[in-house]
Amino acid sequence: MRIFFVLLWCHLAASASVAREPEPDKVAHPGVFLITIDTLRADHVHCYGYDRIRTPALDLLAEQGIRFTQAFTPSPVTNSSHTSIMTGLLPSSHGVSDFGVPLAPRYPTLAELLKKGGYRTAAFIGAVILDSKNLAPGLDRGFEYYDNFPEITTTKSRWGHLERRGMEVEQRAESWLNAHPAGAHFVWVHFYDPHDPYEPPPPYSEVYKDRPYDGEIAYADSALGHFLAYLKKQGWYEGSVIVVVGDHGEGLGEHHEDTHGIFLYDSTTHVPLIVKLPEERDAGRTVDAQVRTTDIMPTILGLLGVAVPASLDGDSLEPFFTGLEAAPRTVFGETEYPLQFGWAPLRSIRKEGFKFIEAPKPELYDLHADPGESLNHYEPWDGTVQSLRRALAELSAKSPTTGKSLPTAVSASTIDELHALGYLGSADARSATDVPEPSLLPDPKDKIGEQNLLHTAMMASEDGEPDKARVALEKVLQLDERSAIALRQLGRIEMASGSYAKAVGYLQRARDANPNDVTVAIEYGRALESSGDLSGARNALLASLKLNPDQFDVRLQLGRVYLGLNDSNAAEDQFAAAVLLQPGSSEAQINLAKALIHQKKFAEAVGLLEAVAEPSNRNPEIFELLAQAYASLGRRQDAQRAQLRAESLQISKRPQ
């Protein structure tokens with residue numbers, strides 16, 4: 001009888017074990033939800049030991065998942081850091097080191113690989129900085145739905161135009177999932193809220209009145225909490241892989257860096273990373289070994305049994321889940337953002353308790369004795385320095401050296417969006433980086449005060465506070481009287497305020513500081529034109545064309561200047577050149593028609609304007625010019641019809 005009961009118990013236990021196993025489809029295709037929280041320092045999260053904040057959603061995931069205490073991003077810039085998360089590659093490998101740089105098709109993304117594996121894929125972003133149409137081309141690859149920002153918005157508020165609040169991002173993700181409930185999902189949700197300017201909504205604005213950065217984090221955590229509650233309500237939470245990670249941190253004044261992007265200290269590279277496995281496997285585990293955000297992609301693929309691409313810079317974190325691996329991984333860091341200011345880029349390596357930063361003035365820190373990285377131990381002959389420097393050199397040798405992608409041509413409005421978010425783009429630096437070796441450029445450590453002031457000025461301009469921006473920029477000029485960036489920003493402020501003579505003064509100084517900068521030459525010419533100095537504007541714009549004859553905007557502006565100088569023949573030449581550069585530009589065609597009418601070439605003007613005066617065209621200026629040309633040719637009925645069309649379009653454009 002004893003043997004019978006033993007056998008019966010074993011049979012029941014085996015049956016219960018089989019019954020507890022999830023369905024095969026759930027094993028093969030668990031839901032995958034990746035949540036990235038922008039600008040999130042690890043040491044400002046409650047479950048990472050920060051008692052001055054409440055982050056219940058992150059704390060819950062830490063209890064039910066695996067918390068990595070020493071996770072690091074390779075880049076302190078949003079585009080580069082997210083691309084590394086999505087590809088498992090360092091910025092020097094995937095090439096996305098600047099805004100608007102497209103991700104090359106040869107680098108597969110996590111979304112592409114999961115979509116091939118049968119997943120429904122969608123992404124929901126919190127800021128235009130990750131918009132795949134302009135500033136993050138290629139990041140949408142593999143996503144069935146990528147929630148970009150609308151190209152045209154009526155709001156002047158940053159909300160909806162530049163950013164989305166976390167709750168809105170979460171609601172947009174819920175709406176898509178409600179409309180696509182079937183199948184396995186890979187959904188990426190990006191909360192941008194902790195990024196500056198720090199403007200948490202109530203009640204977080206009151207609770208964290210003196211610490212708005214923490215208020216933004218607490219608010220983002222509440223949006224995360226709503227999303228987790230939704231997943232539980234749908235029955236998807238338990239069986240899913242959920243990864244939450246910061247893309248980079250924030251300086252908050254440490255090492256004199258107010259925000260991020262310039263330095264590679266832990267303040268901007270140490271991020272929280274939490275992984276919740278299906279059925280809460282290994283819940284509550286804490287991993288203290290050093291890991292990387294480049295490890296996220298191979299980890300997710302490994303958990304799903306999907307083949308991992310060869311030659312990744314990251315490795316699966318799965319050995320840490322069960323304690324099979326405890327050795328820290330080497331962390332590399334890279335930032336080329338200082339180049340936008342004309343300063344040297346930085347590289348770093350974090351290994352065996354030391355961090356080495358390659359810079360014009362190199363740095364070495366003993367992280368065990370000096371976790372705040374305050375005491376530089378660099379000596380060129382030091383054995384640790386030589387070892388770490390050799391490892392950085394080996395990485396550079398393995399990284400792609402040819403075929404790197406260049407920034408796409410971004411529009412003026414996109415550049416304005418970058419400035420409104422507190423960033424400079426490649427057009428802001430131009431020839432400032434035209435030197436034989438980056439190491440010959442200034443060390444960012446010597447320039448960080450300028451960067452903070454420039455950032456303050458950009459945000460003040462966006463907030464409609466030109467006086468505050470002026471004060472900050474004048475302080476920059478006290479530090480560097482030839483700062484072309486500060487001089488250009490001052491010139492733009494004075495142009496916007498109608499102080500054209502002041503704008504001319506600043507932009508002339510900017511041109512003198514950077515004579516090969518095409519953009520400065522254009523802005524200088526516009527300022528001269530606005531101030532009434534048409535001859536000076538003509539000379540400045542002609543000088544710009546000598547640098548680059550294929551400048552559409554300069555051709556248009558120079559043509560207008562020639563019209564102002566009553567030189568319609570020269571104006572026609574410039575507008576015709578603009579049409580050749582951009583044949584589909586109605587602006588160029590309209591201006592060319594004006595020059596033709598000015599020369600009494602009415603038949604040629606009519607031929608040009610009729611080609612663009614389609615019924616769908618809603619530009620009244622086209623029909624006004626047509627009416628003028630028709631009347632001059634004696635075609636009165638045609639002139640009347642064109643004039644009526646122009647008046648109708650003008651009425652429709654008036655605010656109701």
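Here goes a summary of the coordinates provided. Since we're looking at a predicted model, the values are computed, not measured.

Scoring rules and cut-offs
- Residues numbered from 1 in each chain as written.
- Predicted model: local features only at pLDDT ≥ 70, side-chain atom pairs only at ≥ 80, totals over all residues.
- Heavy atoms only, no water.
- Helix = DSSP H or I, 4+ residues; strand = E, 2+ residues; numbered from the N terminus.
- Buried < 20%, exposed > 50% of the residue type's maximum accessible area, 1.4 Å probe, protein only.
- Contact = heavy atoms within 4.5 Å.
- Areas by Shrake-Rupley, 256 points an atom, 1.4 Å probe, with all protein chains shown as cover.
- Axes fitted to C-alpha atoms, helices over the stretch in contact; angles between N-to-C directions.
- Parallel < 35°, antiparallel > 145°, perpendicular 65-115°, else oblique.
- Left-handed = near helix turned anticlockwise from the far one by under 90°.
- Expected span 1.5 Å × (residues − 1).
- Arc of directions from axis to C-beta.
- Core = buried A, V, L, I, M, F, W, Y, C linked by side-chain atoms within 4.5 Å.
- Pairing = 2+ DSSP bridges.
- Phe/Tyr/Trp six-rings, centres within 6.5 Å; stacked < 30°, edge-to-face > 60°.
- Lys NZ or Arg CZ within 6 Å of the ring centre and 35° of its normal.

1. Examining the overall build of the chain
What the chain contains, in helices and strands, is 27 helices and 12 strands. Within the chain, the fraction of its 656 residues that count as buried is 54%. Residue pairs in contact within the chain that sit at least 24 positions apart in sequence constitute 65% of those at least 6 positions apart. Working note: accessible area of the chain is about 28500 Å², and carbon and sulfur atoms make up 52% of it.

2. Re the packing of helix α24 (residues 586-598) against helix α26 (residues 620-632)
Put simply, α24 and α26 touch, their axes get as near as 11 Å, and they point 20° apart. Judged by the inter-axis angle, α24 sits roughly parallel to α26. In the crossing of α24 with α26, the sense of the turn from one axis to the other is left-handed. Contacts from Ile590, Lys594 and Ile597 of α24 reach α26 at Glu621, Ile622, Leu625, Gln628 and Ala629.

3. Remarks on helix α7 (residues 166-179)
For α7, which comprises 14 residues, the first-to-last C-alpha distance of 20 Å matches the rise-based estimate of 20 Å (1.5 Å per residue) to within 8%. Of all the positions in α7, only Gly166, Val169, Glu170, Ala173, Glu174, Trp176 and Leu177 are classed as buried. One side of α7 holds all its buried residues, which, seen down the axis, span an arc of 165°. Where α7 is buried, its residues meet β1 (32-37), β3 (120-124), β4 (145-147), β5 (185-191) and α9 (212-234).

4. Side note on the nonpolar core
Residues Phe68, Ile129, Phe186, Trp188 and Leu273 are the most contacted members of the largest nonpolar core, which totals 89 residues. If one sorts the elements of this core by residue count, helix α16 (residues 448-462) sits on top with six residues. Counting residues in hydrophobic clusters, the runner-up holds 48 residues, among them Val579, Ala593, Leu625 and Ala627.

5. Side note on the sheet that holds strand β7 (residues 270-276)
Strand order across the open sheet formed by eight strands is β4-β3-β5-β1-β6-β7-β2-β8, with mixed pairing between neighbours. In this open sheet, the two edge strands, each paired with only one partner strand, are β4 and β8 (285-292). Here the average twist between neighbouring strands, direction ignored, is 15°. Two strands pair when backbone bridges link them, and β3 and β4 are joined in this way by three bridges, in the parallel orientation.

6. Thoughts on the sheet that holds strand β10 (residues 346-351)
If you walk across this open sheet you meet the four strands as β9-β10-β11-β12, and the pairing is antiparallel. The two strands at the open ends of the sheet, each matched to only one other strand, are β9 (331-335) and β12 (363-366). Neighbour-to-neighbour, the strand axes of this sheet turn through a mean angle of 15°, independent of strand direction. As paired elements, β10 and strand β11 (residues 354-358) share five bridges and run antiparallel to each other. Among the inter-strand pairings, Arg350 is bridged to a residue of β11, identified as Lys355. Relative to β11, helix α13 (residues 383-398) is tilted by about 60°, and along the sheet it contacts β9, β10, β11 and β12.

7. Brief notes about the pairing of strand β6 (residues 241-246)
A large share of β6 lies buried, amounting to six of its six residues. Covered by surrounding structure in β6 are Val241, Val243 and Val245 together with Ile242, Val244 and Gly246, the residues of both alternating faces. Here six bridges tie β1 to β6, and the two strands are oriented parallel to one another. In the sheet register, Leu34 faces β6, and the bridge partner there is Val243.

8. A few points about the side chain of Thr83
Note on placement: Thr83 falls in helix α4 (residues 78-87). When neighbours within four sequence positions are excluded, Thr83 is seen to be in contact with His94, Val96, Leu103 and Leu139.

9. Points about the packing of aromatic side chains
Scanning all chains against the criterion turns up 18 aromatic pairs. Centroid distance Phe124 to Tyr145: 5.8 Å. Interplanar angle 45°. Geometry classified as tilted. Taken together, the residues Phe124 in strand β3 and Tyr145 in strand β4 connect sequence positions 21 residues apart. The class of Phe124 is buried, set by a relative accessible area of 1%. These aromatic residues form a ring-pair network of at least three members: Phe33, Phe227, Tyr230 and Trp236. Looking at Lys276, its charged tip hangs above the ring of Tyr237, at a distance of 4.8 Å from the centre. Sitting over the face of the ring of Phe623, Arg645 holds its NZ or CZ atom 5.3 Å from the ring centroid.

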